[in-house]
Amino acid sequence: MSSQESSDWNGAVVRNRQPLQPITTAVSAELKRLPGIKAVIFDVYGTLLVSGSGDVGSADDSDRGDWIAAAIDACGIAVGSGRIPTMDDLRREIQRSNQQRVSPSCPKPEVDIVAVWRRTLAGCGLEDPGDPKSAWTATCVRLAAEYESRANPTWPMPAAVETLQKLSRMGMRLGIVSNAQGFTLPLVEDLAGRFGVDSVFDANLCVFSNRYRQAKPGPRLFDVLCDGLRRAGMSPSDAIYVGNDRLNDVWAATQAGLRTAWFAGDRRSLRDRNDDPRVAGLDQDIILTRLEQLLDCIDDLSAD
Ligand SMILES: [Mg+2]
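Small disclaimer: the values here were computed from a predicted structure and weren't measured. (Residues numbered from 1 in each chain as written. Predicted model: local features only at pLDDT ≥ 70, side-chain atom pairs only at ≥ 80, totals over all residues.)

1. Observations regarding the overall build of the chain
The secondary structure content of the chain amounts to 11 helices and 8 strands. Computed over C-alpha atoms, the radius of gyration of the chain comes to 19 Å, within 12% of the 19 Å expected from 2.2 N^0.38 for 304 residues, which places it in the range of a compact globule. Along the three orthogonal principal directions, the C-alpha set of the chain runs to about 65 × 40 × 35 Å. Every one of the 304 residues in the chain was classed for burial, and the buried ones make up 43%. Long-range pairs, those at least 24 residues apart, make up 78% of the contacts in the chain with a sequence separation of at least 6. (Helix = DSSP H or I, 4+ residues; strand = E, 2+ residues; numbered from the N terminus. Rg over C-alpha atoms; globule rule 2.2 N^0.38 Å. Buried ≥ 20, exposed ≤ 12 C-beta atoms within 10 Å, placed from the backbone. Contact = placed C-beta atoms within 7 Å.)

2. Quick notes on the packing of helix α5 (residues 113-123) against helix α6 (residues 133-151)
Packed helix pairs are characterised by how far apart their axes lie and by the angle those axes make with each other. Their axes nearest at 9 Å, the elements α5 and α6 cross at an angle of 105°. As far as their axial angle goes, α6 and α5 are roughly perpendicular. Along its contact with α5, which presents I113, V114, W117 and R118, the element α6 presents C140, V141, L143 and A144. Taken together, the residues that form the contact of α5 with α6 break down as 7 nonpolar, no polar and 1 charged. (Axes fitted to C-alpha atoms, helices over the stretch in contact; angles between N-to-C directions. Parallel < 35°, antiparallel > 145°, perpendicular 65-115°, else oblique. Nonpolar A, V, L, I, M, F, W, Y, C, P; charged D, E, K, R; others polar.)

3. Comments concerning the nonpolar core
Here is a general trend for soluble globular proteins: nonpolar side chains tend to be buried in one another's company. Within the largest apolar cluster, 75 residues are counted, with the highest numbers of intra-cluster contacts made by V40, I41, A144, I176 and V242. Here this core gets 7 residues from one element, more than from any other, and that element is α6. Both domain 1 (3-56 + 154-303) and domain 2 (64-151) contribute no fewer than three residues apiece to this core. If we ignore the near neighbours within four places in the chain, the residues touching V40 are L167, M172, L174, I240 and V242. (Core = buried A, V, L, I, M, F, W, Y, C linked by C-beta atoms within 7 Å. Domains from an automatic or database assignment.)

4. Topic: the packing of helix α3 (residues 64-74) against α6
Packing of α3 against α6 brings their axes to within 9 Å, and their N-to-C directions diverge by 140°. Compared by their axis directions, α3 and α6 come out oblique. Viewed along their axes, α3 and α6 form a crossing whose handedness is right-handed. Contacts between α3 and α6 pair R64, W67, I68, A70, A71, I72 and A74 from the former with L143, E146, Y147, R150 and A151 from the latter. For the contact of α3 with α6, the class distribution of residues is 9 nonpolar, no polar and 3 charged. (Left-handed = near helix turned anticlockwise from the far one by under 90°.)

5. Description of the environment of A159
In this fold, A159 is placed in the loop between β3 (154-156) and α7 (160-169). Take A159: there are 16 C-beta atoms within 10 Å of it, and that puts it in the partly exposed class. Placed 132 residues apart in sequence, A159 and L291 show a C-alpha to C-alpha distance of 6.5 Å. Ignoring sequence-local partners within four residues, the contact set of A159 consists of R290, L291 and E292.

6. A word on the environment of L121
With respect to the element layout, L121 can be found in helix α5. Placed 39 residues apart in sequence, L121 and G82 show a C-alpha to C-alpha distance of 8.8 Å. Apart from residues no more than four positions distant in its own chain, L121 is found in contact with P85, L126 and E127.

7. Regarding the domain arrangement of the chain
As assigned here, the chain comprises domain 1 (3-56 + 154-303) and domain 2 (64-151). Of note, the centres of domain 1 and domain 2, computed from C-alpha atoms alone, are 27 Å apart. In this complex, domain 1 contributes 18 residues to the contact, which on the side of domain 2 involves 17 residues. When grouped by side-chain class, the residues that make up the side of domain 1 that touches domain 2 number 6 nonpolar, 9 polar and 3 charged.

8. With respect to the sheet that holds strand β7 (residues 259-263)
Taken together, 6 strands build an open sheet; the order of strands is β5-β4-β1-β6-β7-β8 and the sheet is parallel. Only two strands of the sheet have a single neighbouring strand rather than two, namely β5 (206-208) and β8 (286-288). On average, each strand axis in the sheet is tilted by 20° relative to the strand beside it, whichever way the strands run. As defined by bridge partners, strand β1 (residues 39-42) adjoins strand β4 (residues 173-178) across 4 bridges and the pair is classed as parallel. Bridge pairing in β4 links A39 to R173. (Pairing = 2+ DSSP bridges.)

9. Brief notes about helix α8 (residues 184-192)
Where burial is concerned, most of α8 is hidden: 7 out of the 9 residues are buried. Taken together, the buried positions of α8 are T184, L185, P186, L187, V188, L191 and A192. G193 sits one or two positions beyond α8 and adopts a positive phi of about 90°.

10. Looking at the environment of A280
Mapped onto the elements, A280 comes out in the loop between β7 and β8. We classify A280 as exposed; it has 9 C-beta atoms within 10 Å. Residues A280 and W251, spaced 29 residues apart in sequence, show a C-alpha to C-alpha distance of 9.9 Å.

The structure is reproduced here in structure tokens:
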């Protein structure tokens, strides 16, 4: 799928969104200078984006059934003799996919959400066998994005665009490690420019879970990132990872040897994970309540 096709098919996540402001948390910022940072790697949902659920595809809300019907309608899928899938139908396919792939080397599988939707529709008698295969794929991609735009609406985090641009001008290499799907790309490109054209992100330092079919906090995505850092002449400790989730982000990045910033700027996505033994005694380097606070903690490499 080309970048242009991806934007067209996945465009609902940008097109359908409404302004969302972060909700202040009770957590205080803890800032200090962190010398020697050369790369800043970001989580996406709940960090660069205000996200209703704080993660990709993880809302648990009773409105979901209506969102499925609305998304199916928006894609012009004829229900005919089939039926509109329920939330349970979708959840079952997600669980089946994850159960099939979980293993010691893949402790946290990631679904291919388009394949999940394709199987869910087929199970409800909604696949049109007369459709050329590629047209049906496009329909399933669009359906995933239409549903996501309703179930997990997003809006750029305040100062996200400006902070990314300033970090880039400071000489920082910028990257992403994200639990993501195809529809995450247009959201990132809306913030940061198009990959291969004018993105502030270094594509070699961007790791999206759907491409590896593994998710945070499993180690695979950070292993891939660390390979990219080493190829760019950096060690993991030259990089800081910024994320809203103390398990998926702070713990996982710490395991990989990165420095860490916990983003605690929105109650919607605040994940202290205090019930998980892995974060007991875990310390992030800094706590941010606004993204731009990061600018005061790292050195301007362009000033040399
Ligand atoms: Mg997040």
